[in-house]
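Listed below, chain by chain, are the residues.
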Amino acid sequence: GVVKVPPHQLNKKGVQDHLENHSSGSRPVGLPRSVSAQSRTYLYRLALGPDKSQFPLSESDFCWNLCTSQLDVESMREAAAMLVGTHDFSSFRAVNSDLPFKNPVKTMDLICVQPGSSFTSSHFHRHIPFWELTFRSRSFLYKQVRRMVGALVAVGRGRLSVLDLRKVLEARDSTAFPQGLAAPAHGLFLTNVEYRDTDLQLPKTSEDQNT
């Protein structure tokens with residue numbers, strides 16, 4: 001069973017509320033607490049556009065505009081491949097009240113960097129390159145995706161090397177993550193949540209059983 005919403009149809013406020021508050025335990029209304037998602041997929045949108053004064057207003061709240069035309073995508077992909085698999089992601093979680101209760105070991109099934117496009121009018125904004133970072137895992141730590149995005153962008157800008165990023169990961173300490181490096185929230189979208197088909201089936205009522 002899949003709960004899936006195309007990114008261009010997402011409601012921004014609802015998505016942001018969900019991402020900030022429920023990224024590790026969201027479920028459709030009515031599902032019992034014992035039911036958990038089998039995987040979640042997040043999409044983060046980047047734009048290599050001009051400065052804010054010249055960037056389209058229709059896109060400004062739905063991506064992170066890096067205000068540059070230079071990004072080393074191949075180095076970003078090398079760094080992303082390093083993060084795929086099972087690791088202790090303590091360095092990539094922000095401190096919150098759940099910190100002592102969440103297992104920092106997560107398995108990243110997919111992290112990819114690929115060309116994207118404008119949500120509003122691809123032919124009008126085709127001079128602005130868009131990139132999409134996709135992350136899939138069963139669950140994520142608090143603000144983990146935004147920290148991973150920020151780190152990958154830092155690699156793409158030459159501010160971190162792949163080796164630097166490996167050292168951050170291996171530190172297993174949230175204080176090892178460079179301050180101010182996390183990506184802003186407005187480029188992040190939840191695009192897919194998968195459940196077992198049996199978990200999405202409503203229990204039969206007594207009326208159903210008598211028919």
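Structure first, text after, so check above.
So, a few notes on the structure that sits alongside this text. Everything numeric here is computed off the predicted structure, so don't read it as measured data.

1. Focus on the overall build of the protein chain
Helices and strands together make up the secondary structure of the protein chain, namely six helices and seven strands. Going from the N terminus to the C terminus, the protein chain shows its helices and strands as β-α-β-α-β-α-β-β-β-α-α-β-α. With 211 residues in all, the protein chain has 44% of them scored as buried. Long-range contacts, defined as pairs at least 24 residues apart, comprise 75% of the intrachain contacts of the protein chain with a sequence gap of at least 6.

2. As for unusual backbone geometry
Residues other than glycine seldom take positive phi values, yet cysteine 67 does so here, at roughly 55°. Counting through the fold element by element, cysteine 67 comes out in the loop between strand E3 (64-65) and helix H3 (73-83). Accessibility expressed as a relative area gives 44% for cysteine 67, which makes it partly exposed. Of note, the phi angle at lysine 143 is positive, near 60°, even though the residue is not glycine. Here lysine 143 shows up in the loop between strand E6 (130-137) and helix H4 (144-156).

3. Some details on the packing of aromatic side chains
Taken as a whole and assessed by the stated rule, the structure comprises five aromatic pairs. Between tyrosine 42 and phenylalanine 140, the aromatic rings sit 5.0 Å apart at their centres with planes inclined by 80°, giving edge-to-face as the arrangement. You can see tyrosine 42 sitting in strand E2 (residues 39-47) and its partner phenylalanine 140 sitting in the loop between E6 and H4, a full 98 residues away along the chain. Accessibility classification places tyrosine 42 together with phenylalanine 140 in one group, the buried group. Aromatic side chains phenylalanine 62 and phenylalanine 189 sit 6.2 Å apart centroid to centroid with 10° between the ring planes, which places their arrangement in the stacked category. Within this pair, whereas phenylalanine 62 is found in the loop between helix H2 (57-60) and E3, its partner phenylalanine 189 is found in strand E7 (residues 188-194), the two being separated by 127 residues in sequence. On the basis of relative accessible area, phenylalanine 62 is assigned to the partly exposed category, the value being 24%. A network of ring pairs unites the aromatic residues Phe89, Phe92 and Phe177 as a single cluster.

4. A word on the nonpolar core
Leu46, Leu83, Phe92, Met148, Val149 and Leu152 are the most contacted members of the largest nonpolar core, which totals 44 residues. Broken down by secondary-structure element, the contributors of at least two residues to this core are E2, H3, strand E5 (105-115), E6, H4, helix H5 (162-171) and E7. Per-element accounting of this core gives the leading share, eight residues, to H4.

Cut-offs used in this document
Each chain carries its own residue numbering, running from 1 in the direction its sequence is written. Totals for whole chains, interfaces and linings use every residue, but because this is a predicted model, local features are given only for residues with pLDDT of at least 70 and side-chain atom pairs only at 80 or more, for both listing and counting. In computing side-chain properties, one takes all heavy atoms of the structure into account and sets aside hydrogens as well as water. Strands are runs of DSSP state E lasting at least 2 residues, helices are runs of H or I lasting at least 4, and numbering of each runs from the N terminus. Burial classes: relative accessible area under 20% of the type maximum marks a residue as buried, over 50% as exposed, and values in between as partly exposed (1.4 Å probe, protein chains only). The contact criterion used is simple: two residues touch if any of their non-hydrogen atoms lie within 4.5 Å. In summary, the pairing rule links any two rings of Phe, Tyr or Trp, Trp by its six-membered ring, whose centres are within 6.5 Å, and it sorts them by plane angle into stacked for under 30 degrees, edge-to-face for over 60 and tilted for everything else. Among buried residues, the Ala, Val, Leu, Ile, Met, Phe, Trp, Tyr and Cys ones that are joined through side-chain atoms within 4.5 Å form a nonpolar core.

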